[in-house]
Amino acid sequence: MTSKPQGTAYGAWLLLAISAIALILAAVATFNEGNGIAYTPGTYLVLISTALMLLGSLLLALARSMPRWLGGLLTFLLLLDLLGTGLAAYLLQAEWLLGAVGVGLAAWLIHVVADPASVKRTPSMTQRQEAAS
């Protein structure tokens, strides 16, 4: 017996929007020759990591019926991606990208704290009932 999640995943959708904006900002930083960091290995790394962030947040927002362990793993990997991209944006002195990643961290926090879970836990649920759902 599988229960579909109820409600809208506002944090996941906000993270998806911020990931798309961050990908655009990373592409501008990578290919704009006037910024001093264009075509460097660091900008390519940030471009790839933001593309992976967009893919992960797309999965998180659209595939709401994934198993709980996979959603948790994806959420953790997105946190690592946000932190790594933020550090790289700081070291590359890409302020706009760093700001977008900061908003992305807030969206990740909203997703973790406020988004509806896939199964609402009640105090009377046993471990066997939780495993079945």
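Here, the structure is the one placed above.
Residues numbered from 1 in each chain as written. Predicted model: local features only at pLDDT ≥ 70, side-chain atom pairs only at ≥ 80, totals over all residues. Heavy atoms only, no water.

(A) Molecular detail of helix α3 (residues 68-91). Compared with the 34 Å implied by 1.5 Å per residue over 24 residues, the 35 Å span of α3 between its first and last C-alpha is a close match. Those residues of α3 that are buried are in contact with α1 (10-31), α2 (41-62) and α4 (95-114). (Helix = DSSP H or I, 4+ residues; strand = E, 2+ residues; numbered from the N terminus. Expected span 1.5 Å × (residues − 1). Contact = heavy atoms within 4.5 Å.)

(B) Summary view of the packing of aromatic side chains. Under the defined criterion, the tally for this structure stands at two aromatic pairs. Residues F31 and Y44 carry aromatic rings whose centres are separated by 6.4 Å and whose planes lie at 65° to one another, so their mutual orientation is edge-to-face. Of the two residues, F31 is situated in helix α1 and Y44 in helix α2; the sequence distance between them amounts to 13 residues. Y44 gets classed as partly exposed once you look at its relative accessible area, which sits at 33%. Chaining the aromatic ring pairs together yields one cluster made of F31, Y39 and Y44. (Phe/Tyr/Trp six-rings, centres within 6.5 Å; stacked < 30°, edge-to-face > 60°. Buried < 20%, exposed > 50% of the residue type's maximum accessible area, 1.4 Å probe, protein only.)

(C) Just α2, in detail. Over its 22 residues, α2 runs 32 Å from end to end, which matches the ideal 32 Å to within 8%, given 1.5 Å per residue. Looking only at α2, the buried set comprises T43, V46, L47, S49, T50, M53, G56, S57, L60 and A61. Check the buried side of α2 and you find it contacts α1, α3 and α4.

(D) Looking closely at the packing of α1 against α4. In contact at an axis separation of 8 Å, α1 and α4 are set at 165° when each is read in the N-to-C sense. With respect to α4, the element α1 is oriented roughly antiparallel. The handedness of the crossing between α1 and α4 comes out as left-handed. Facing α1, whose interface residues are G11, A12, L14, L15, I18, A22, L25 and A26, α4 presents W96, L97, A100, V103, G104, A107, I110 and H111. Taken together, the residues that form the contact of α1 with α4 break down as 13 nonpolar, three polar and no charged. (Axes fitted to C-alpha atoms, helices over the stretch in contact; angles between N-to-C directions. Parallel < 35°, antiparallel > 145°, perpendicular 65-115°, else oblique. Left-handed = near helix turned anticlockwise from the far one by under 90°. Nonpolar A, V, L, I, M, F, W, Y, C, P; charged D, E, K, R; others polar.)

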